[in-house]
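Observations on chain architecture
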Amino acid sequence: MSSVQNNVGRGLNIALVNGVNGELMDTKSFDMWAGDVNELLAMIRALHDGTLVFVASYDDPATKMNVEARKMFMELGSTAVKDLSFRDSWVFVGAKGIDNKSPFEQHVKNNKHTNKYEGWPEALEMEGCIPQRTSE
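So, here's what we can say about the structure. Bear in mind the structure is a predicted one, so any value in this text is a computation, not a measurement.

What counts and how
Counting restarts for each chain: residues are numbered from 1 in the order of the written sequence. Side-chain atom pairs in this predicted model are given and counted only at pLDDT of 80 or more, local residue features only at pLDDT of at least 70, and totals for whole chains, interfaces and linings cover all residues. Values shown for side chains rest on all heavy atoms present in the structure; no hydrogens or waters enter the calculation. For salt bridges, the criterion is a side-chain nitrogen of Lys or Arg within 4 Å of an Asp or Glu carboxyl oxygen. Each helix corresponds to a stretch of at least 4 residues labelled H or I by DSSP, and each strand to a stretch of at least 2 residues labelled E; elements are numbered beginning at the N terminus. Type-normalised accessible area, obtained with a 1.4 Å probe on protein chains alone, sets the label of each residue: buried when under 20%, exposed when over 50%, and partly exposed for intermediate values. Each direction from the helix axis to a C-beta atom contributes to the arc, which is the arc of those directions. Pairs of residues are marked as contacts when any of their non-hydrogen atoms sit within 4.5 Å. Nitrogen and oxygen atoms within 3.5 Å of one another constitute a polar contact, given that in protein one can donate a hydrogen and the other can accept it, and given that sequence-neighbouring residues count only through two side-chain atoms. Between the N-to-C directions of two axes lies an angle of 0 to 180 degrees, each axis being a line fitted to C-alpha atoms and, for a helix, fitted only over the stretch in contact. Here roughly perpendicular refers to angles of 65 to 115 degrees, roughly parallel to angles under 35, roughly antiparallel to angles over 145, and oblique to all remaining angles. The handedness criterion is simple: a crossing whose near helix is rotated anticlockwise from the far helix by less than a right angle is left-handed, and one whose near helix is rotated clockwise is right-handed. We call Asp, Glu, Lys and Arg charged. Ala, Val, Leu, Ile, Met, Phe, Trp, Tyr, Cys and Pro are nonpolar, and the rest, Gly among them, are polar. Note on aromatic pairs: the rings of Phe, Tyr and Trp (six-membered ring only in Trp) are paired at centre separations within 6.5 Å, and the planes decide the class, stacked below 30 degrees, edge-to-face beyond 60, tilted for the rest.

**With respect to the pattern of salt bridges**
Summed over all chains, the structure comprises five salt bridges. Residue Arg 45 is joined to Glu 68 by a salt bridge in which the shortest nitrogen-to-oxygen separation is 2.6 Å. In this pair, Arg 45 is assigned in helix H1 (residues 37-45) and Glu 68 in helix H2 (residues 67-75), connecting sequence segments 23 residues apart. Overall, the relative accessible area of 46% leaves Arg 45 in the partly exposed class. One salt bridge in this structure joins Lys 109 and Asp 88, with 3.3 Å as the shortest N-O distance. Note that Lys 109 is positioned in the segment after strand S5 (104-108) and Asp 88 in the loop between H2 and strand S4 (89-95), a separation of 21 residues in sequence. Asp 88 sits in the buried class, given a relative accessible area of 1%.

**Focus: H1**
Among all positions of H1, only Val 37, Leu 40, Leu 41, Met 43 and Ile 44 are buried. Looking down the long axis of H1, one finds its buried residues gathered within 160° of arc, a one-sided arrangement. Tucked into the core, H1 has its buried residues touching strand S1 (11-18), strand S2 (24-30) and H2. The backbone nitrogen of Asn 38 lies 2.9 Å from a side-chain oxygen of the residue at the head of H1, namely Asp 36.

**Quick notes on the packing of H1 against H2**
Relative orientation of the contacting elements H1 and H2 amounts to 30°, with a least axis distance of 10 Å. By the criterion of interaxial angle, the relationship of H1 to H2 is roughly parallel. Here the hand of the crossing between H1 and H2 comes out left-handed. On the side of H1, the interface is formed by Val 37, Leu 40, Leu 41, Ile 44 and Arg 45, while H2 contributes Glu 68, Ala 69, Met 72 and Phe 73. Split by residue class, the contact of H1 with H2 holds seven nonpolar, no polar and two charged.

**What about the packing of aromatic side chains?**
Tallied over the full model, the rule gives four aromatic pairs. An angle of 50° between the planes, with centres 5.8 Å apart, marks the rings of Trp 33 and Phe 86 as tilted. Separated by 53 residues along the polypeptide, Trp 33 in the loop between S2 and H1 and Phe 86 in the loop between H2 and S4 bring together distant segments of the chain. For Trp 33, a relative accessible area of 44% gives the class partly exposed. Residue classification places Phe 86 among the partly exposed positions, given a relative accessible area of 36%. Where Trp 90 meets Phe 92, the ring centres are 5.7 Å apart and the plane angle is 10°; that geometry is what we call stacked. Comparing Trp 90 with Phe 92 shows no difference in burial state: the two are buried. An aromatic cluster is present here, built from Phe 73, Trp 90 and Phe 92 joined pairwise through their rings.

This is the structure in structure tokens:
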């Protein structure tokens, strides 16, 4: 994902993947600066068990992030979402129905003294193998 490829939006960029067959189910960006958090909440509420949730922030992931949204991401396996703030960098992969925290998460705080780029922390990249869920 990158602004150069024109496939991201300001805020949270989310891809939903079927955890059994690996098929892409949906992609959407949520403007967390000027958008409506209820659109994000509706997408997360509608998830089925086993759905993988890929999240990458761009610009501001947290201004509109309310307690309910943070709780929902924690239920998907996030531990960093509780500390997410204005212009932090965050990438996360979780799943509906996960039993514990996800090992796929990185978070860099926005800090004017340590930011790599003037008003923003460094960009994050994450890689790894996510186990496929067996159908029940």
